[in-house]
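The lines below spell out each chain.
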Amino acid sequence: AEALAVDECSLLRIDNGSRGARIEASLNPDDADRPDLKLADYPEIGRCLTANKMLYVEDVRRDVELTAAHGSDELRSVLTVPLQLRQAKANRIVFRMARRGEPLTYREIKFCQIATTVAANALENAYLFESLETAHATLTDVAKRDPLTQIYNRGHLFERLEAEGQMTVSREGK
């Protein structure tokens with residue numbers, strides 16, 4: 001965000017069915033004091049979520065709704081990009097960036113789209129990895145126990161005996 005010389009840059013988490021958003025990361029240190037936002041105060045985020053695609057407003061002063069929300073002399077251009085997550089459960093994530101001076105250039109907008117795509121892919125991979133670890137732990141436990149009694153099975157017994165035998169040999173060797 002600093003490389004793009006923007007005045008506001010944040011990553012927001014929106015709970016489905018909620019009228020609010022939580023700031024997960026922000027360039028603005030003041031956002032730490034107010035991590036929760038009302039979506040009504042940020043109509044560009046609502047539009048972005050409704051359309052489920054990027055929203056770019058080159059001049060906020062030409063948009064009545066955004067001018068009412070942000071003031072006529074504050075922001076010049078605003079960009080909001082939803083992170084497209086296939087595995088999203090209850091939350092949606094939106095990248096929001098705004099500038100007071102010159103409007104964002106085409107290259108800056110494309111950069112933000114690429115950055116949000118990469119971020120979405122990283123979040124997807126993390127979710128899939130976590131799901132895989134959970135499934136592996138479940139399958140490992142199922143393989144060790146009798147499904148009816150939940151008592152450890154013969155395979156687990158031999159596995160533990162082998163481990164204990166190795167520990168005994170290791171202790172005797174010292």
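For the structure, check the block above.
Residues numbered from 1 in each chain as written. Predicted model: local features only at pLDDT ≥ 70, side-chain atom pairs only at ≥ 80, totals over all residues. Heavy atoms only, no water.

Colleague: Just give me the short version of the nonpolar core, but keep the residues and values in it.
Modeller: Counting residues in hydrophobic clusters, the biggest one holds 18 residues, and the most contacted among them are L12, I14, I45 and V60. Elements with a minimum of two residues in this core: β1 (8-15), β2 (20-26), α1 (43-51), β4 (55-57) and β6 (91-99). Broken down by element, this core gets its largest block of residues, 3 residues, from α1. Residues in contact with I45, not counting those within four places in the same chain, are L12, I14, L39, T80 and R96. Counting residues in each nonpolar core, the second largest holds 13 residues, with L4, V81, L104 and I109 among its members. (Core = buried A, V, L, I, M, F, W, Y, C linked by side-chain atoms within 4.5 Å. Buried < 20%, exposed > 50% of the residue type's maximum accessible area, 1.4 Å probe, protein only. Helix = DSSP H or I, 4+ residues; strand = E, 2+ residues; numbered from the N terminus. Contact = heavy atoms within 4.5 Å.)

Colleague: A description of unusual backbone geometry should follow, citing residues and the corresponding values.
Modeller: A positive phi is found at N52, a non-glycine position, where the angle reads about 55°. Tracing the chain through its elements places N52 in the loop between α1 and β4. In the Ramachandran plot, Q150 falls in the positive-phi region, its phi being about 65° despite a non-glycine side chain. Structurally, Q150 can be placed in the loop between α3 (106-144) and α4 (154-172).

Colleague: Account for the packing of aromatic side chains, naming residues and giving values.
Modeller: Applying the stated rule across the entire model yields 0 aromatic pairs. The positively charged end of R145 is found above the aromatic ring belonging to Y152, 4.2 Å away from the centroid. (Phe/Tyr/Trp six-rings, centres within 6.5 Å; stacked < 30°, edge-to-face > 60°. Lys NZ or Arg CZ within 6 Å of the ring centre and 35° of its normal.)

Everything listed here is a matter of coordinates, which is why it stays silent on function.
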